[in-house]
Amino acid sequence: GGAEAAQRAAALLPGYGPPDALYPAAFRGRWRVVVQVVDVRTPQGEESAPAAQLRAARTAAAAAAPLVFDARFLNAEGSGGVILQSEGSASLATRPVAGRVRADRGFNTEQRAAAQVGSARPVAQWEAGSPNVLTLTDGLGGVREVKIIKR
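The shown structure was predicted, so the numbers you read here are calculated from the model rather than taken from an experiment.

Undergrad: Can you help me understand the overall build of the chain in this one?
TA: Tallying secondary structure elements over the chain gives 3 helices and 9 strands in all. Secondary structure elements of the chain occur, N-terminal to C-terminal, as α-β-β-α-β-β-β-β-α-β-β-β. Counting only residues that meet the buried cut, the chain has 25% of its 151 residues in that class. Within the chain, contacts between residues at least 6 apart in sequence are counted, and of these 60% link residues at least 24 apart. Summed over its atoms, the accessible surface of the chain is roughly 9,800 Å², and 55% of this surface lies on carbon and sulfur atoms.

Below, the structure is given as structure tokens:
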């Protein structure tokens, strides 16, 4: 439709980014993710790193247990996106790509946030048709909005 055509056209403009990141079909389904931070470095100096994020990273590195949560990847429908092929390699597709999947970022963000210590029933708002914006309400009154402006 008209909205999809507008999204495809906007994806080619600097700063608007492609419609979404696509992954190989082998990613389809639900996965158990285990995250273990083993090191935190600040090559540009600690003063250049946001203090809260640096503290959180160091806390994660000191944790005895890894962060464990579920993630899922769904069939990619609609207007194409960036095809992630291998590390450092990507190509832009502005038309639908058969056999590719996209991360369900709403689900994945909620799951990761819920697995973190002190989390209280997070709720993510994300739509596959507008994949560059995600809003996470942490359940304690905090709201974080993430906007992808370039991939």
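Once you've had a look at it, read on.
Undergrad: What's the story with the environment of Ala60 in this structure? I'm lost.
TA: For Ala60, the location among the structural elements is in helix α2 (residues 51-62). Judged by relative accessible area, which is 30%, Ala60 ranks as partly exposed. In this structure, the C-alpha to C-alpha distance between Ala60 and Val40, residues 20 residues apart in sequence, is 9.4 Å. Among residues more than four places away in sequence, those in contact with Ala60 are Gln36 and Val37.

Undergrad: Help me out: how do you make sense of the pattern of salt bridges in this one?
TA: Oppositely charged side chains can form a pair if their charged atoms are brought close together. Taken as a whole and judged by the stated rule, the model has 6 salt bridges. With a closest N to O distance of 2.7 Å, Asp70 and Arg32 form a salt bridge. A residue pair is termed long-range when its members are at least 10 positions apart, and Asp70 in strand β3 (residues 67-75) and Arg32 in strand β2 (residues 29-35) qualify at 38 residues. We note a salt bridge from Glu145 to Lys147, for which the minimum N-O separation is 3.7 Å. The class of Glu145 is partly exposed, set by a relative accessible area of 47%.

Undergrad: How should the side chain of Asn108 be read in this particular structure?
TA: Secondary-structure assignment places Asn108 in helix α3 (residues 105-115). Within the structure, the side chain of Asn108 is placed 2.8 Å from the backbone nitrogen of Arg72, a separation counted as a polar contact.

Undergrad: For this particular structure, what's the right way to read the sheet that holds strand β9 (residues 143-147)?
TA: For sheets, the rule is that strands pair by backbone hydrogen bonds, running either parallel or antiparallel. Within the open sheet, the 3 strands sit side by side as β7-β8-β9. Their pairing is antiparallel. Each having just a single partner strand, β7 (123-127) and β9 make up the two edges of the open sheet. In this sheet, adjacent strand axes meet at a mean angle of 15° when their direction is disregarded. Taken together, the 5 bridges between strand β8 (residues 130-137) and β9 define a ladder with antiparallel strand orientation. Within the sheet, the bridge partner assigned to Leu136 lies in β9 and is Arg144.

Undergrad: Where do I start with the pairing of β3 in this structure?
TA: Side chains on a regular strand alternate between the two faces of the sheet. With 7 bridges joining them, β2 and β3 adopt antiparallel strand pairing. Residue pairing across strands places Val35 opposite Leu67, the latter belonging to β3. By the bridge criterion, 3 bridges tie β3 to strand β6 (residues 100-103) in an arrangement that is antiparallel. The partner of Asn75 across the bridge, within β6, is Val101.

Cut-off values and rules
- Sequence order sets the numbering: in each chain, residues are counted from 1 along the sequence as written.
- Reporting of local features is limited, given that this is a predicted model, to residues whose pLDDT is at least 70; pairs of side-chain atoms are given and counted only at 80 or more, and all residues count toward the totals for whole chains, interfaces and linings.
- Excluding hydrogens and water, the side-chain figures rest on all heavy atoms present in the structure.
- Each helix is a run of H or I in the DSSP string that is no shorter than four residues. Each strand is a run of E no shorter than two, and both are numbered from the N terminus.
- Exposed residues in this analysis have more than 50% of their type's maximum accessible area, buried residues have under 20%, and partly exposed residues fall in between, with area computed by a 1.4 Å probe over protein chains only.
- Should any heavy atoms of two residues lie within 4.5 Å, those residues are counted as being in contact.
- Here the accessible surface of atoms and residues is derived via Shrake-Rupley with a 1.4 Å probe, and residues count as covered only by protein chains that are part of the display.
- In the sections that follow, a salt bridge refers to a side-chain nitrogen of Lys or Arg positioned within 4 Å of a carboxyl oxygen of Asp or Glu.
- Polar contacts, as counted here, are pairs of nitrogen or oxygen atoms within 3.5 Å of one another; within protein the pair requires one atom able to donate a hydrogen and one able to accept it, and residues that are adjacent in sequence qualify only if both atoms are side-chain atoms.
- We treat two strands as partners when DSSP finds at least two bridges between them.
- Helix axes use the C-alpha atoms of the stretch in contact, all axes being lines fitted to C-alpha atoms, and the angles between their N-to-C directions lie in the range 0 to 180 degrees.

Scope: geometric values only; no functional claims are made or implied.
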